[in-house]
Each structure stands twice: as C-alpha cells, then as structure tokens.
Amino acid sequence: MNIEELLPAYAAGELSEEESERVEVALAESQRLRIELSRYERLFVLLSAAAAEEVRVPADLRTRITLQLTLSAYLDAAAELLGGILGAYGRALVYFLRLA
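Rules behind the numbers
- Residues numbered from 1 in each chain as written.
- Predicted model: local features only at pLDDT ≥ 70, side-chain atom pairs only at ≥ 80, totals over all residues.
- Heavy atoms only, no water.
- Core = buried A, V, L, I, M, F, W, Y, C linked by side-chain atoms within 4.5 Å.
- Buried < 20%, exposed > 50% of the residue type's maximum accessible area, 1.4 Å probe, protein only.
- Helix = DSSP H or I, 4+ residues; strand = E, 2+ residues; numbered from the N terminus.
- Contact = heavy atoms within 4.5 Å.
- Patch = residues over 30% accessible without salt bridge, like charges linked within 9 Å, V, L, I, M, F, W, Y side chains within 5 Å.
- Areas by Shrake-Rupley, 256 points an atom, 1.4 Å probe, with all protein chains shown as cover.
- Salt bridge = Lys/Arg side-chain N within 4 Å of Asp/Glu carboxyl O.
- Expected span 1.5 Å × (residues − 1).
- Polar contact = N/O pair within 3.5 Å; in protein donor to acceptor, adjacent residues only side chain to side chain.
- Phe/Tyr/Trp six-rings, centres within 6.5 Å; stacked < 30°, edge-to-face > 60°.

### Re the nonpolar core
If you look at the biggest cluster of nonpolar residues, it comprises nine residues: Ile-3, Leu-6, Leu-7, Leu-15, Val-23, Ala-26, Leu-27, Leu-33 and Leu-37. Contributing elements (two or more residues each) for this core: α1 (3-11), α2 (17-29) and α3 (31-52). Ignoring sequence-local partners within four residues, the contact set of Val-23 consists of Ile-3, Leu-6, Leu-7, Tyr-10 and Leu-15.

Written out as structure tokens, the structure is:
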C-alpha cells in the first residue's frame, strides 16, 4: 500500500507501529503529504463533531407524517372518484345533446 492510501488510517490512529513509522518518514520528507494529512485530521474532527451532535426529532413527527399520508391518499381517491363522475356526466351530456 502506498503512503497516500495509509494517511486516513494514520490520522485515525489505526495503523500498526511499522506502518506508522513508514508514514512518519514519508511525512518528514513531503510537504504535500503533510498538507494531505492535515486535511484528513480536520475531516475527522468535523466527522466526530457531527457524530456527537444530538438530532432532535419533533414529538409529533409520526402524527404529522401519518396525517400527511392519509390526506394524500384521501385526495387521490377523491380526485379519481371526481374524475369518474365528471367523465360519466360528460358522456351523458354528449349523449343527451346527441353530439356523438
């Protein structure tokens, strides 16, 4: 594995002692690798902060979702029924006016 592929694991402290030594030697010789390591370290700090943040869900969320789904299903059924009724009336009107 090349050094660049080891940087994320190095930043997370997951490398063996031998692999860590390889990375440290390469870091001492390369500014580019040090910059890349710095990016991984900042990313891990941000990810840790995001993981520690508590997500609050509104107490009535389940009720609101259920209401929304029920209302949506009701409106779909009403629209279908209304379309069927208007279609029947439209056909009756055409027949009554002898347009067909």
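And the narrative resumes.
### Overview of a nonpolar patch on the surface
The grouping of Leu-71, Tyr-74 and Leu-75 at the surface amounts to a nonpolar patch, some 330 Å² of accessible area in total. Inspection of the secondary structure puts Tyr-74 in helix α4 (residues 61-96).

### Some words on α3
Spacing of three or four residues puts side chains on the same side of an α-helix, whose turn is 3.6 residues. The end-to-end C-alpha separation of α3 is 32 Å, in line with the 32 Å expected for 22 residues at 1.5 Å each. Structurally, the start of α3 carries an N-cap: the backbone nitrogen of Arg-32 is 3.4 Å from a side-chain oxygen of Ser-30.

### A look at the packing of aromatic side chains
Two aromatic rings are characterised by how far apart their centres lie and by the angle between their planes. On inspection of all chains with the given rule, the structure shows one aromatic pair. An angle of 35° between the planes, with centres 6.5 Å apart, marks the rings of Tyr-40 and Phe-44 as tilted. Note that Tyr-40 and Phe-44 are positioned in helix α3 at a spacing of four residues, about one turn of the helix. For Tyr-40, a relative accessible area of 23% puts it in the partly exposed group. Looking at Phe-44, the relative accessible area reads 24%, which means it is partly exposed.

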